[in-house]
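As a plain string of letters, each chain reads:
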Amino acid sequence: MIGERVVQRISSTRGFAKVAPHVVPVLDRAVHRLTRGKVLLSAQMLPGVILTSTGARSGLPRRTPLACMPEDGGGSWILVGSNFGRTDHPAWTHNLLAHPDAEISFKGADIPVRARLLGGGERTAVWKELLVFWPPYATYQERVDREIRIFRITRRGQ
């Protein structure tokens, strides 16, 4: 798809990394709220969720729109802490490390989940899948001096 390649190229730029974190989440939250959880603007290009995690320090609920890679026909999802290729880990990753029980809104359904940080061979295998799924992740990783955190979230009770 030409359109997808153009979006991938744009999303790999440093300019996008500077602007997108301030614009994309705001638009996503607004559209998600207006459509009562049925539409996530950024999910028009990649699947997405609204993650509700517990603040690592505050203990307060934090809602974050995120791209995801669904697995297992809806039983689990991969979340990538790329932070648009910015230098720091995104806050939501700190929240999941401190409080792995969370909730996602996926296609209008609220789902209780548990997060697990991937490491070692499991992380390596998933990273390869992610690069096929969304090639700009490779650019993000090259740009930062940290290992991008990857979480697998699964429905609680599974």
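Refer to the structure above for everything that follows.
Only a predicted model underlies this, so the values are computations on that prediction, with no experimental measurement involved.

Quick notes on the rules
Residues numbered from 1 in each chain as written. Predicted model: local features only at pLDDT ≥ 70, side-chain atom pairs only at ≥ 80, totals over all residues. Heavy atoms only, no water. Helix = DSSP H or I, 4+ residues; strand = E, 2+ residues; numbered from the N terminus. Pairing = 2+ DSSP bridges. Axes fitted to C-alpha atoms, helices over the stretch in contact; angles between N-to-C directions. Contact = heavy atoms within 4.5 Å. Core = buried A, V, L, I, M, F, W, Y, C linked by side-chain atoms within 4.5 Å. Buried < 20%, exposed > 50% of the residue type's maximum accessible area, 1.4 Å probe, protein only. Arc of directions from axis to C-beta. Phe/Tyr/Trp six-rings, centres within 6.5 Å; stacked < 30°, edge-to-face > 60°.

*Asks:* Go over the environment of S105 with me, naming the residues and quoting the values.
*Replies:* Of note, S105 is situated in strand β5 (residues 101-106). Along the backbone, S105 and L51 are 54 residues apart, and their C-alpha atoms lie at a distance of 6.7 Å.

*Asks:* If you had to explain the sheet that holds strand β6 (residues 109-117) to someone new, which residues and values would you point to?
*Replies:* Strand order in the open sheet made by the 7 strands is β2-β1-β5-β6-β7-β4-β3, with antiparallel pairing throughout. In this open sheet, the two edge strands, each paired with only one partner strand, are β2 (61-67) and β3 (69-71). Taking each pair of neighbouring strands and ignoring which way they run, the sheet shows an average axis angle of 35°. Its contacts with the sheet put helix α3 (residues 91-98) on β1 (48-54), β2, β4 (76-81), β5, β6 and β7 (149-155), and the angle it makes with β7 is roughly 55°.

*Asks:* Any chance you could break down the nonpolar core for me, citing the residues and the numbers?
*Replies:* For soluble globular proteins, nonpolar side chains are generally found buried alongside one another. Counting residues in each nonpolar core, the largest one holds 16 residues, and the members touching the most others are L51, W77, L79, L96 and I104. When contributions to this core are tallied by element, the ones reaching two or more residues are β1, β4, α3, β5, β6 and β7. Those residues in contact with L79 that sit more than four places away from it in its chain are V49, L51, L66, A67, C68, W92, L96, R149, I150, F151 and I153. In terms of nonpolar packing, the next biggest core, distinct from the first, is built from 14 residues, I78, V126, L130 and V144 among them.

*Asks:* Tell me about helix α5 (residues 136-143), and please be specific about residues and values.
*Replies:* When we look at burial in α5, the residues that qualify are P136, Y137, Y140 and R143. What you see down the axis of α5 is that its buried residues fit within an arc of 125°, all on one side.

*Asks:* How would you explain the packing of aromatic side chains if you had to name every residue and give the values?
*Replies:* For the structure shown, the criterion picks out 4 aromatic pairs. For the pair W77 and F106, a centre-to-centre distance of 5.4 Å together with 70° between the ring planes defines the contact as edge-to-face. One end of the pair, W77, is in strand β4; the other, F106, is in strand β5, and 29 residues separate them in sequence. Using a relative accessible area of 0% as the deciding quantity, one classes W77 as buried.

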